[in-house]
Structure formats: structure tokens, C-alpha cells
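Given next are the chains, with one letter for each unit.
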Amino acid sequence: MNVTYNWLKEFVDFDLSPEQLADLLTMLGLEVEGMEKLGAGMDDVVVALVEEKRQHPNADKLSLCRVNNGSEVLDVVCGAQNFKAGDTVVLAQIGAVLPGDFKIKRSKIRGEESCGMLCSEKELGLAEESAGIMVLPSGLPLGRPVFDALGLKDTLFEIGLTPNRSDCLSAVGIAREIAAKLGKTIKYPDTTIKEGTDAAGSIIAVNIEDTELCPRYAARYISGCKIAPSPEWLVKRLSAIGLRSINNVVDVTNLVMMELGYPLHAFDCDRLAGRRIVVRRAVEGEIFTSLDSQQRILTADDLVICDAERPVALAGVMGGENSEISDTTTNILLESAWFKPAAIRKTSKRLGLHTESSHRFERGADIGGVIRAIDRAASLIADLSGGCVAQGVLDVYPAPFAPEPIILRPERANQLIGIQLPKDEINNLLSRLECHVIDLADGSLQVTPPTYRVDIEREIDLVEEIARLNGFDKIPATMPLAQVVSDRPSQHQRLQRSVREILVAQGMNEIINFSFTAPNAAGKLLLPEDDPRSASIRLANPLIEEQSVMRTTLFPGLLETVARNVSFRSLDLKLFEMRRVYLPPKVDGEMPCEPIRVVGAITGSRERDGWCQTRAAADFFDAKGQIENLLDLLNIGGVKWVADAPEPFYHPGKSCSILAGKERIGTVGEIHPTVQENFGLEKPVYCFELDFEKLVSLARQKRTVSPPSRFPDINRDVAMLASDDLAAEKIIECVRSVKAKEIEHVEIFDLYRGAGIPDGFRSIAVRVRYRSYERTLTDEEIGVIHTKILDSLVNKLKVSIR
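The paragraphs below set out a description of the structure included in this document. The structure displayed is predicted, hence computed values, not measured ones.

### A few points about the packing of helix H7 (residues 341-351) against helix H8 (residues 356-363)
So, step 1. Two numbers describe how H7 lies on H8: the axes approach to 7 Å, and their chain directions differ by 140°. As judged from the angle between their axes, H7 and H8 are oblique. Viewed along their axes, H7 and H8 form a crossing whose handedness is left-handed. Contacts between H7 and H8 pair Pro341, Ile344, Arg345 and Ser348 from the former with Ser358, Phe361 and Glu362 from the latter.
So, step 2. Its residues assigned to classes, the contact of H7 with H8 shows 3 nonpolar, 2 polar and 2 charged.

Next comes the structure, spelled out in C-alpha cells:
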């Protein structure tokens, strides 16, 4: 909102400097974002008298003038022809700096010396265009700075308003705030009208068909108008706040809008069919041409102002080309109405048409100010155009609005603000805001806000007004009372961080996917319909169908991310995600179950390219190794790997369940070829999934550490021929079943298939490490234990020792 210092002084009497006024407005919540001194730094542009004007001896279109600035007579070369000797003009003297950083210097033009420049309104920044130099009224003191002589020195305030303060989108609105703060009385603009004898109701008519979107519509009729340029005072007033002058009628509506904050519209009444106004919703697909000559396709949600036949304005946004004021206009219908903010905002945003009018209606205009605005405009139009205002105003207002009273507790206001104001002072502050205040018997106040304060709806709004008007700077500074709480992370949170750090340390990259997924995600994973993960929770208002249900598993997002990266030629991937899944409740009315799952995917090469690296492809054991390291670092022991078919989306025979005791804590395996095809994956992908909640219950904070033995170890190897269907884990268990404390470690270190090995068999080599904590073992002692191991392998597993 732009407003000038001198304009504000017309409505409220104050003696603050522009800088002090800016501080006051800012402390009232009306932040002054910028100040511009109009006419500042232009004291070298003075009033001067043209004593002589003659033809330039060396140029046909230039004049050589003798100009008196009150102290000396100067030679000035000028190209304008709209002045004569004896005229009072504006002289920019040597050293003056004009807008645009144009500095005046002594110069020679076609051989003649020029000691300054005669200026136009455009060169002084007072108008966008000008036909010649500025000719001033006679009698002004020569040599006086022209901005002082014409009263043009002013300060322009650029005020940033919050959307709820629509009442301050006007000079009067800001002046009201100043008056309330300083305890002054505001002087509203004169709205006195000299009316004619003809009744407006006998000439024009107004009908509101949609009172929900337009609860009030007022109209006046002005006849015998002459459209002409606006007077100088009006042009300068609009120019000072950044508005361009159009003509005397349109300029008045713009002035009143900026003065009172109420958008008006003037129609050429002779172009209105039936000389009547109909306020209705647009017909779906109706076409309307606005003042900017653009065709707009309307919807049934748009509100339009029509005559007896067609739309003539888009309510609250912009007028129509078919009824605009033109040079031939003589009879005017002046509109002042109130429109529902939500409807105007919706139309404005849909059409991308934001105007000064829509800006005010969107935020809420003053429904009680309709008549004041139309009377002010009608009075000015009649004075400036020579028109006659018909008797009476057509004010269609079927359901008058009355603001709801609000009960204010003074003690509550003082408690919230942190001060102690007497009730009488609170009453006085609110009364200065033009609120109607009644003192109730119980000590509270009944406050009815004015109609222009659409932002005051609750008690807390009144508390804010009291604090604002009394002064935020008067609120004492106090230290807040607070307790220092040690917000230590829980075991659950610590393990989440640990799992992430462990997987990242092992070369994996974390991904984050949306919690929403497609309804067919379970089907792409080959999950049966009776699987709990096939029943998902649907969003009430999804943005797109592909993200319309809550995920029940992290695998769809993980595999889609793998496919997306592969499509961008990122072929070697190690990804993981640790997020919640959303399982439907088993009982209606309960909240969904939201456990955390950890999933990972490995594909491509095991190692990055390098001169000393192999190009071996990642396999099942890379994924298994990630889990083994994770479980080891979480201190979870007793883990078994059961080669079953844990999930339908894994490759049969290339997957297994992960058991801790008898409880399954996760799965690992190669993705099923059909699932790979469903997600557009060509190369094998090895995945794992862990139930994080079970990891939390199994993880042990304390780790048992045994001191190393002081005695040497001895290794013995066993090579055996075993069938392919014999699990390696069975061999390890069989060796450990020999109860001997000297067996320190058992591991499989070699696997062979090929020449010399029958089909369906493989050669497995096991290494057993023996050690005693009491003495050095002898070969005889080790031999006894080792023989027991060999007998156990042969008898229990039916293997052949090689």
C-alpha cells in the first residue's frame, strides 16, 4: 500500500516527522518497507521567468531563451514550442540532478551556450508523458525550488500489510490507525452531494439474483457528464502513489478506492441494455471480454454484473469492454457493492487476473462503507465533469450485516499481554478503534467491532489490539521460565541411528521414498490376495492414482528406485531404506499398525571399476554378508539361515529366512524373475528385509569378551564328499555337536565341483581350530577329538571322508 505524508495529514492532525511517523506505523504492525522523499535533492530546479524567446540562429527547431531565475538572467536553448516570453517555467540549473541520474551541465548546442534546461513534467518524474515543458501559474516567486513552490515536496510510504488488515488498504484506513494511536479524531472526506430532482429509481434498476455472493449492491445515476482530462491536483495525487491518470471519471473511482479502500466501477449507462443491473452467477462456458480486451471463458462459480442482456463486468475483478467509460460518455451508472471474498479470490486466481479491486475484495471490504464510498465518488464526478447526480441511491441490501459482539475479560487480556491496564483504559483504547464497548455487570466488556475490521472475530483478537495500540514497547521484558530437560534418545532411536550408520559404513546408500504407492504394488510382488500386505489403506484424497494407497511393504519403492537408477546407467547399486510401513488394523476403529522395516538391494558389480579390482558380479552372499555384519555389530547371536521359500517375490532355491531362535527376523534372496520383469529389471537383484522392531528386542548392549588363550592353536582340515541337498549349516552343527571344549572355531573354507566328483555331489572342506585355555594340546589329544568328529559326520550325515 502506497500513501503520502501530506495525504495522511488531510485526515488526521499530527506533528510527527516522516521518520517518526514511519516508526509509529511499524510499531502498530503496519510495516513501512520503504520511504521515498518526493522532490528531495532537486532544490536546484527552480521557478524562472522567460524574458525573451527568439529563434536559434543555427537550428530551425530550437529556441534561444533569456531566463530569469530571480538572481540572474541565463541563456538557455530549448526545443519545446508550447511556451512564450512572459511564461513562468521550470529551470533546472547547472548542477541539478534530474530523475534517472541526469546531471545538468553547461554546454553548447549548435554554437550557442546553454546554462540549464527548461523541464517538462516527464523530466521531473511527475508524469509518464508530456507534450512540452511545464508552464507554471504566474506569480510564483522566482528562484524558489519548484517542488516547494507547488507544494509537491512529500514523502511516499510503502507499507507492507498482512492479509488480514484489509482495512488499511486505503489512506483513510492508515489515518484511522494514526488517530487511534495518538488519541486524535479522524476527519473523513466530504460526501455531501447536490442531487437533482429526478429520482434514480425511475431511471435505473438493480436486481441481485445471488445474495450469497453479493449481499449488497448500491448504484447512483449521474447525467450530463463531460469526459475530460483530470485536474492537476487529481493527476498529481494519483501519480504520487503510482497510478496513471486516465480521465476525470475513472480517476475519481481510483482515487476513492485508494482513499477509502473501496473499489468502485463506473458504467456508461447508455450502453447498458434496459438501464438495469443484474447480479448473477455466470453461465458455464459464457464468454466475457474484459477491459484489457481479453476474452474470458467463465464458469458457474464466477459472479458477473449484467445488464438486461449480457455480462458487463466481472464482479470485483474487472469491468467489461462493452460498457467502459469513453470520450462520448455522458450518463454514468456508478457501482458500489460488497462481494464474498472467497468467490472473488477463486475467480481472480483461476483467470490469473489480479487487480487493485480484486486485491481488496479478496481480503474483505467494508460492507458498511458502501454508501460513503459511492457518495464520495458521485460528489467528485459531478464536480469534475459537470454532471448531475440523480436523487437517491439504489441500495439493495436484503439482509443487513451486524457484527457479532465479543466478550472481553480485562484480567485475561492483562494476563496474556503481561501488563496491568485498568478496565477504563482498555475501554478507551478499544473505543479509539471505533469499537462499541459496553461495561457489563460481571466486570467484562462487550465489544462490537466496526464493520471495516473484518479481522476481529474473537477475544484474542481484541487482546492483540489492546497490546498493539497501547504499544508493544510498553510490554516489560521478562525472562521466560523454562526447565532444562535432558532429551536423551531412546534405545529405539539409538538403534535406528546405528543401523543406518552400519549399512552406510558397509558401502550402502540410503534412499527415501514416498509412503504412498500404487494399488497394484502387491500384485507386482506376486503376493497372494490373502496376504495381509495385499490389503492397503486408501488415501481419502490422493494426488495421483500411482500414489493412492499407503505402502504395506518397502519393496515396491526399493525396486522402482533400482530400476530408475539403472535406466540412468547407474548399474552398480547398493541401496537400503529404513522406514515405516502401514498395515491395516485387524479390528475396525483401531489405528493402523506402523512397524519399521529395513530393506536393501544389491545389483551389478561387487566392486567399483579400478585397475586392481575384479569385475565379479554381486551375488546372494553379498546381501547375506551385509546382514551378518549388521547383526554382529548389533550383538545379536544365535542366528540361523533356513533355506526355504520365505516370500513369493524371491527366486525359489536362492532365498532363505533369517531366524533368531525360532523367530523369523527377516529374509534374504534373489528377486524372482517375474518380479524383475514387472519392475523392468534385466539383471539379478539381491534383496533383504529385516523386522526392525524384532532387532530392537534382540539387540544386546553388553558384549561378552573372553581373554585370549596363552596357548597355541592347532588346525585340522576335513575334506568330505556330500550330496548337494545337504545344507552347509548341518555340517557345522554336526561338528559342534561333539562336546569338546577344545573346539574353538569351525568354518567351511573350500567348495569344489568338477572332475572326480559325481553328479549331485560336491566336495566340502572344513577347518577345525583346536585350543586349550589350560595347556598346550598334544597330537594324541587332538586326534581323539578329531576322530569323534569324523565318525559323527559319517554316521549322522552319511558323508564320505576324502
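### Notes on the packing of aromatic side chains
So, step 1. Enumeration according to the criterion identifies 8 aromatic pairs in this entry.
So, step 2. Judged by centre distance (6.1 Å) and plane angle (90°), the ring pair of Tyr262 and Phe361 falls under edge-to-face. Taken together, the residues span a long stretch of sequence, with Tyr262 in the loop between helix H6 (248-260) and strand S17 (265-268) and Phe361 in helix H8 at a distance of 99 residues.
So, step 3. Measuring from ring centre to ring centre gives 5.3 Å for Phe620 and Phe621, while their planes differ by 90°; the resulting arrangement is edge-to-face.
So, step 4. By relative accessible area, which is 58% here, Phe621 ends up exposed.
So, step 5. Here a set of aromatic residues connected by ring pairs shows up, and it is made of Tyr262, Phe339 and Phe361.

### Quick word on the sheet that holds strand S27 (residues 406-408)
So, step 1. As summarised here, the arrangement of the 3 strands in space is S27-S29-S28, forming an open sheet in which the pairing is antiparallel. Two strands bound the open sheet, and with one partner strand each, they are S27 and strand S28 (436-439). On average, each strand axis in the sheet is tilted by 25° relative to the strand beside it, whichever way the strands run.
So, step 2. In this sheet, strand S29 (residues 445-448) lies alongside S27 in antiparallel orientation, the contact comprising 3 bridges. Paired with Ile407 across the strands is Gln446, a residue of S29.
So, step 3. Sitting on the sheet, helix H12 (residues 459-470) is in contact with S27 and S29, with an inclination near 55° to S27.

### A closer look at the nonpolar core
So, step 1. In terms of nonpolar packing, the biggest core is built from 123 residues, with Tyr217, Ile305, Leu408 and Leu430 touching the most fellow members.
So, step 2. Among all residues touching Leu408, those that are not within four sequence positions of it are Ala413, Ile426, Leu430, Ser444, Leu445, Val447, Glu459, Leu462, Val463 and Ile466.

### Side note on the environment of Glu628
So, step 1. Looking at the element boundaries, Glu628 is found in helix H16 (residues 620-633).
So, step 2. Each C-alpha atom of the pair Glu628 and Ser166 lies 65 Å from the other, and the pair is 462 residues apart in sequence.

### Let's talk about the sheet that holds strand S21 (residues 303-306)
So, step 1. Across the sheet, which stays open at both edges, the 5 strands sit in the order S15-S18-S21-S22-S23 with mixed pairing between neighbours. In the strand order of this sheet, the two ends are held by strand S15 (205-208) and strand S23 (318-319), each with one partner.

### Brief notes about the environment of Tyr397
So, step 1. With respect to the helices and strands, the residue Tyr397 is situated in the loop between strand S26 (394-396) and S27.
So, step 2. Linking Tyr397 and Ala308, residues 89 residues apart in sequence, is a C-alpha distance of 20 Å.
So, step 3. When residues no more than four places from it in sequence are discounted, the contact partners of Tyr397 are Pro215, Arg216 and Ile367.
So, step 4. From its side chain, Tyr397 meets the backbone nitrogen of Phe401 in a polar contact 2.8 Å long.

### Observations regarding unusual backbone geometry
So, step 1. We note that Arg569 has phi near 70°; this positive angle belongs to a residue other than glycine.
So, step 2. Mapped onto the fold, Arg569 is located in the loop between helix H15 (555-567) and strand S33 (573-580).
So, step 3. Residue class for Arg569 comes out exposed when judged on its relative accessible area of 65%.
So, step 4. Of note in this structure, Asn635 is not a glycine but carries a positive phi near 65°.
So, step 5. When you line up the elements, Asn635 lands in the loop between H16 and strand S35 (639-642).

### Quick look at helix H9 (residues 370-385)
So, step 1. A rise of 1.5 Å per residue sets the reference length of H9, with its 16 residues, at 22 Å; its end C-alpha atoms lie 22 Å apart and thus fit the reference within 8%.
So, step 2. Most of H9 sits out of view: 12 of its 16 residues are buried.
So, step 3. Summarising the contacts, the buried residues of H9 are in contact with strand S16 (216-223), helix H5 (232-240), H6, strand S24 (332-338) and strand S25 (388-391).

### Here we look at the pairing of strand S5 (residues 73-78)
Sheet faces and side chains relate simply in a regular strand, where the side chains alternate between the two faces.
So, step 1. Where strand S4 (residues 63-68) lies against S5, 6 bridges are found, and the strand directions are antiparallel. Within S5, the position partnered with Cys65 by the bridge is Val76.
So, step 2. Taking the residues that link successive antiparallel strands as the turn, the S4-S5 hairpin has 4 residues, and the phi of Gly70 there is positive, at about 95°.

### Considering helix H4 (residues 171-182)
So, step 1. End to end, H4 covers 16 Å across 12 residues, agreeing with the expected 16 Å (1.5 Å per residue, within 8%).
So, step 2. Most of H4 sits out of view: 10 of its 12 residues are buried.
So, step 3. Structurally, the start of H4 carries an N-cap: the backbone nitrogen of Gly173 is 2.9 Å from a side-chain oxygen of Ser170.
So, step 4. Just downstream of H4, Gly183 is the residue with a positive phi angle, here 70°.

### Topic: the pattern of salt bridges
Charged atoms that come close allow side chains of opposite charge to pair.
So, step 1. This structure, assessed with the given rule, holds 56 salt bridges.
So, step 2. Residues Arg165 and Glu177 are paired through a salt bridge, measuring 3.0 Å at the closest nitrogen-oxygen approach. With Arg165 in the loop between strand S13 (154-160) and H4 and Glu177 in helix H4, this residue pair connects regions lying 12 residues apart in the sequence.
So, step 3. Residue Glu177 is classed as buried on the basis of its relative accessible area of 3%.
So, step 4. Note that Arg220 and Glu195 form a salt bridge whose closest N and O atoms lie 2.9 Å from each other. Taken together, the residues Arg220 in strand S16 and Glu195 in strand S14 (residues 195-199) connect sequence positions 25 residues apart.
So, step 5. By relative accessible area, which is 5% here, Arg220 ends up buried.
So, step 6. A residue is classified by how much of its surface remains accessible, and Glu195, at 36% relative accessible area, is partly exposed.

### What to know about the environment of Ile222
So, step 1. The residue Ile222 is located in strand S16 in this model.
So, step 2. The class of Ile222 is buried, set by a relative accessible area of 0%.
So, step 3. Considering only alpha carbons, one finds Ile222 and Val252, 30 residues apart in sequence, at a separation of 13 Å.

### So, the packing of helix H11 (residues 423-432) against H12
So, step 1. At a minimum axis separation of 10 Å, H11 and H12 run at an interaxial angle of 90°. Classified by the angle between their axes, H11 and H12 sit roughly perpendicular to one another. Between H11, through Ile426, Leu429, Leu430 and Arg432, and H12, the contact on the second element is made entirely by Leu462, Ile466, Leu469 and Asn470.
So, step 2. Looking at the contact of H11 with H12 residue by residue, the classes come out as 6 nonpolar, 1 polar and 1 charged.

Definitions and limits used
Residues numbered from 1 in each chain as written. Predicted model: local features only at pLDDT ≥ 70, side-chain atom pairs only at ≥ 80, totals over all residues. Heavy atoms only, no water. Axes fitted to C-alpha atoms, helices over the stretch in contact; angles between N-to-C directions. Helix = DSSP H or I, 4+ residues; strand = E, 2+ residues; numbered from the N terminus. Parallel < 35°, antiparallel > 145°, perpendicular 65-115°, else oblique. Left-handed = near helix turned anticlockwise from the far one by under 90°. Contact = heavy atoms within 4.5 Å. Nonpolar A, V, L, I, M, F, W, Y, C, P; charged D, E, K, R; others polar. Phe/Tyr/Trp six-rings, centres within 6.5 Å; stacked < 30°, edge-to-face > 60°. Buried < 20%, exposed > 50% of the residue type's maximum accessible area, 1.4 Å probe, protein only. Pairing = 2+ DSSP bridges. Core = buried A, V, L, I, M, F, W, Y, C linked by side-chain atoms within 4.5 Å. Polar contact = N/O pair within 3.5 Å; in protein donor to acceptor, adjacent residues only side chain to side chain. Expected span 1.5 Å × (residues − 1). Salt bridge = Lys/Arg side-chain N within 4 Å of Asp/Glu carboxyl O.

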